[in-house]
Amino acid sequence: MAQGFLFYNKKANSKSEDLKWWQLSLIGVGCTIGTGYFLGSSLGIKETGPSIVFTFILAAIGTYIVFNQLAKMTAKDPQEGSFCYYANKAFGPWAGFSCGWNYWFSNILIMGSQLTALSLLSQFWFPKIPLWVFACIYAVLSLFVVFLGTKGFDRVENYLAIIKTAAIIMFIGLAAAAVFGWIHGGNGDVSIPRSMDDIFPKGYKGFWISLLFAFYAYGGIEVIGLMAMQLKDKKDAPKAGTNMLIILVIIYVLSLGLATILAPLDQFSEKESPFVTALSDYHLNFFPHVFNGAIIIAGFSTMTAALFGVTSLLVTMAKGGDAPKIFTKKLKKFNQLPLPSFILGGVGLFASVIAALLLPGKIFEYITTAAGILLLYNWTFILLSSFKVLQGNLWDKLKASFGILLIAIAVAGTIIEKAVRIGFFVSLAFVLIIAAATFFMRHKLGKNKPSCS
């Protein structure tokens, strides 16, 4: 998920509002597919087995509702601040402030999740090297890319999106060949589920817990809401989002469905992509290395894009009075680099390195859970804002209410499972920090001005 890339490029692209709806759909697919899907889906498969397919469909419904409401608000009142602006408009400056900082912290955690995923994937080749060593290497490389500036970065992102999509198509083709017996290997038996116990091997509790990881794989949809500002016709935003989600659901359901029938449930681990696990017994010596490399390249681009995002978002928030003014300062000699914001983003990135050093075993699970929950908090802001901004018909309100219910169910699922519960409390700690900051800023926030705009 490439959260925040558009914040960095917003100024450069503000004059080129000629994006067509199908282009936005394809960009959305590229932005959304990340290590949350490539690696994080292993966590969901471990919890619920083949029924992971249904959690992804259910999460797609919730994601569609969120994007549809955001797209309608964009069509009605196009604003660069997007969901932060609408939160401000609906509930006042405190909501815009909270929304902006929640999004900043969620991106920091997403960076940490991506960084940890990259490190875990690198251990596929170098299992004896500690996780934190890889984390340091990727963090420094990411900071270096951001320091160089944005020239040509959008073109690189497009190429890397092609790599991600090509890797998935390659897996689907090979997995289908394995199912039909065209590739020899495996344990000789494709485990097609034939009963409810096969579909839900860990019961409905596992299904409930896995819902968060399915939502996390769709993370990035709110960024497409931001990019809808570049559409030639803003009214095409709902159509772009609908088609994007249809493509994603087809990709996710096909690939995950094939993965779960090609390997036993106990073989899946958060330390390896489920797609590598699924074909590990089919004597395709090239596949694990090619696929692992493709994921690392794609994950690095996603993490770097998120770093671009938190760097630029903080500048935008500072200009709107939602962050200290020092974060508006830029270095003219270094591609207009916002140095204070860049440094703070780097601090957040290296905090993940420290976490990887202290908690090498469970860090990916914890960070992924916390990042996913913070993301859903922002989605709840979007849906709640739509009640006031759109003032739509009963059907729109029922859809938004159902979306909030799905999000609440996904978040609640993390509380009942000990393995991911810490992630919930981490997200809660961030929410409390933001709430405290909002409380102390209440006098300043009393000035009714658009936030994040």
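Along each chain, the written sequence defines residue order, and numbers are assigned to residues from 1. Per-residue local features of the predicted model are confined to residues with pLDDT of at least 70, and side-chain atom pairs are confined, for both listing and counting, to 80 or more; whole-chain, interface and lining totals are unaffected and use all residues. Only hydrogens and water are set aside when side-chain values are computed; all heavy atoms of the structure are taken into account.

Regarding the overall build of the protein chain
Inference 1: Here a strand is any run of E in DSSP of at least two residues, a helix any run of H or I of at least four, and the numbering for each starts at the N terminus. A count of helices and strands for the protein chain gives 20 helices and zero strands.
Inference 2: Residues counted as buried form 58% of the 453 residues belonging to the protein chain.
Inference 3: Note on contacts: a residue pair qualifies if any of its non-hydrogen atoms lie within 4.5 Å across the two residues. For the protein chain, contacts bridging at least 24 residues in sequence account for 83% of all contacts bridging at least 6.
Inference 4: Approximately 18400 Å² of the protein chain is accessible, and the part contributed by carbon and sulfur atoms is 68%. Whether a residue is buried, partly exposed or exposed follows from its accessible area with a 1.4 Å probe, protein chains only, as a fraction of its type maximum: under 20%, in between, or over 50%, in that order. Reported accessibility uses the Shrake-Rupley method at a 1.4 Å probe radius. Residues are deemed covered only where the shown protein chains occlude them.

A few points about the packing of aromatic side chains
Inference 1: Working definition: a ring pair exists when centres of Phe, Tyr or Trp rings (six-membered ring for Trp) sit within 6.5 Å. Plane angles under 30 degrees give stacked, over 60 give edge-to-face, the rest tilted. Tallied over the full model, the rule gives 27 aromatic pairs.
Inference 2: Geometrically, the ring pair formed by Tyr37 and Phe275 is tilted, given 5.2 Å between the ring centres and 45° between the ring planes. Of this pair, Tyr37 sits in helix α3 (residues 35–38) while Phe275 sits in helix α14 (residues 274–278), and the two are 238 residues apart along the sequence. No difference in accessibility class separates Tyr37 from Phe275, as the two residues are buried.
Inference 3: Ring geometry for Phe439 versus Phe440: centroids 5.6 Å apart, planes at 75°, classification edge-to-face.
Inference 4: Residue Phe439 is classed as partly exposed on the basis of its relative accessible area of 49%.
Inference 5: Take Phe440: its relative accessible area is 65%, and that puts it in the exposed class.

Looking at helix α7 (residues 93–122)
Inference 1: In this analysis, the expected span of each helix is defined as 1.5 Å times one less than the number of residues it contains. With 30 residues, α7 extends 43 Å from end C-alpha to end C-alpha; this agrees with the ideal 44 Å at 1.5 Å per step.
Inference 2: The element α7 is extensively covered by neighbouring structure, given that 29 of its 30 residues are classed as buried.

Re the side chain of Thr311
Inference 1: Tracing the sequence through the fold places Thr311 in helix α15 (residues 286–319).
Inference 2: Note on Thr311: relative accessible area 0%, which makes it buried.
Inference 3: Any pair of N or O atoms that falls within 3.5 Å is considered a polar contact. Within protein, one atom must be able to donate a hydrogen and the other to accept it, and sequence-neighbouring residues count only if both atoms are side-chain atoms. A polar contact of 2.8 Å, which involves the side chain of Thr311, links it to the backbone oxygen of Leu307.
Inference 4: Apart from the residues within four sequence positions on either side, Thr311 is in contact with Pro338, Ser341 and Phe342.

Observations regarding the confidence of the model for the protein chain
Inference 1: Looking at any residue, its pLDDT shows the predictor's confidence there, from 0 to 100. Chain-level statistics for the protein chain give a pLDDT mean of 80 and a share of 85% at 70 or above.
Inference 2: Averaged over each element, pLDDT in the protein chain is lowest for helix α1 (residues 5–13) (41) and highest for helix α18 (residues 394–415) (91).
Inference 3: Note that residues 1–16 has pLDDT below 50 and, in this model, 54 contacts with residues that lie over four places away or in other chains.

What to know about the side chain of Asn292
Inference 1: Structurally, the position occupied by Asn292 is in helix α15.
Inference 2: Here Leu121 takes part through its backbone oxygen, which lies 2.8 Å from a polar atom of the side chain of Asn292.
Inference 3: Ignoring sequence-local partners within four residues, the contact set of Asn292 consists of Leu121, Phe124, Trp125 and Phe287.

Some thoughts on the packing of α7 against helix α8 (residues 131–148)
In a packed pair of helices, the relevant descriptors are the angle between the two axes and the axis-to-axis distance.
Inference 1: Note on geometry: axes are lines fitted to C-alpha atoms, helical ones only across the stretch in contact, with angles between N-to-C directions running from 0 to 180 degrees. Contact geometry of α7 with α8 gives a least axis separation of 8 Å together with a crossing angle of 120°. If you check the angle between α7 and α8, you find them oblique. For the pair α7 and α8, the sense of crossing is right-handed. Contacts from Leu115, Thr116, Leu118, Ser119, Leu120 and Ser122 in α7 reach Leu131, Phe134, Ala135, Tyr138 and Ala139 in α8. What sets the label is the angle itself: under 35 degrees gives roughly parallel, over 145 gives roughly antiparallel, 65 to 115 gives roughly perpendicular, and the rest give oblique. Put simply, a crossing is left-handed when the front helix is turned counterclockwise from the back one by less than a right angle, and right-handed when it is turned clockwise.

Observations concerning the state of the cysteines
Inference 1: Throughout, disulfides are identified as pairs of cysteine sulfur atoms within 2.5 Å of each other. Applying the stated criterion to the full structure yields zero disulfides.
Inference 2: Here Cys99 is not disulfide-linked; the sulfur of Cys84 is the nearest cysteine sulfur, at 3.8 Å.
Inference 3: Relative accessible area serves as the criterion here: at 0%, Cys99 is assigned to the buried category.

Here's the deal with a nonpolar patch on the surface
Inference 1: Excluding any residue in a salt bridge, patches collect residues exceeding 30% relative accessible area, merging like charges within 9 Å and nonpolar Val, Leu, Ile, Met, Phe, Trp and Tyr side chains within 5 Å. The salt bridge criterion pairs a side-chain nitrogen of Lys or Arg with a carboxyl oxygen of Asp or Glu, the two atoms within 4 Å. Together, Phe54, Ile57, Ile61, Trp208, Phe402, Leu405 and Ile409 make up a nonpolar patch on the protein surface, roughly 570 Å² of accessible area in all.
Inference 2: Breaking the nonpolar patch down by element, the ones donating at least two residues are α5 (52–76) and α18.
Inference 3: Its place among the elements puts Phe402 in helix α18.

Some thoughts on the pattern of salt bridges
Inference 1: Counted by the stated rule, this structure contains two salt bridges.
Inference 2: Lys72 serves as the salt-bridge partner of Asp396, at 2.8 Å between the closest nitrogen and oxygen. You can see Asp396 sitting in helix α18 and its partner Lys72 sitting in helix α5, a full 324 residues away along the chain.
Inference 3: Overall, Lys72 belongs to the partly exposed group, its relative accessible area being 25%.
Inference 4: For Lys399, the salt bridge identified is with Asp396, shortest N-O distance 3.7 Å. Of this pair, Lys399 and Asp396 both sit in helix α18, three residues apart, which is roughly one turn of that helix.
Inference 5: Note on Lys399: relative accessible area 13%, which makes it buried.
Inference 6: Judged by its relative accessible area of 12%, Asp396 falls in the buried class.
Inference 7: Three or more residues are tied together by salt bridges with common partners; here these are Lys72, Asp396 and Lys399.

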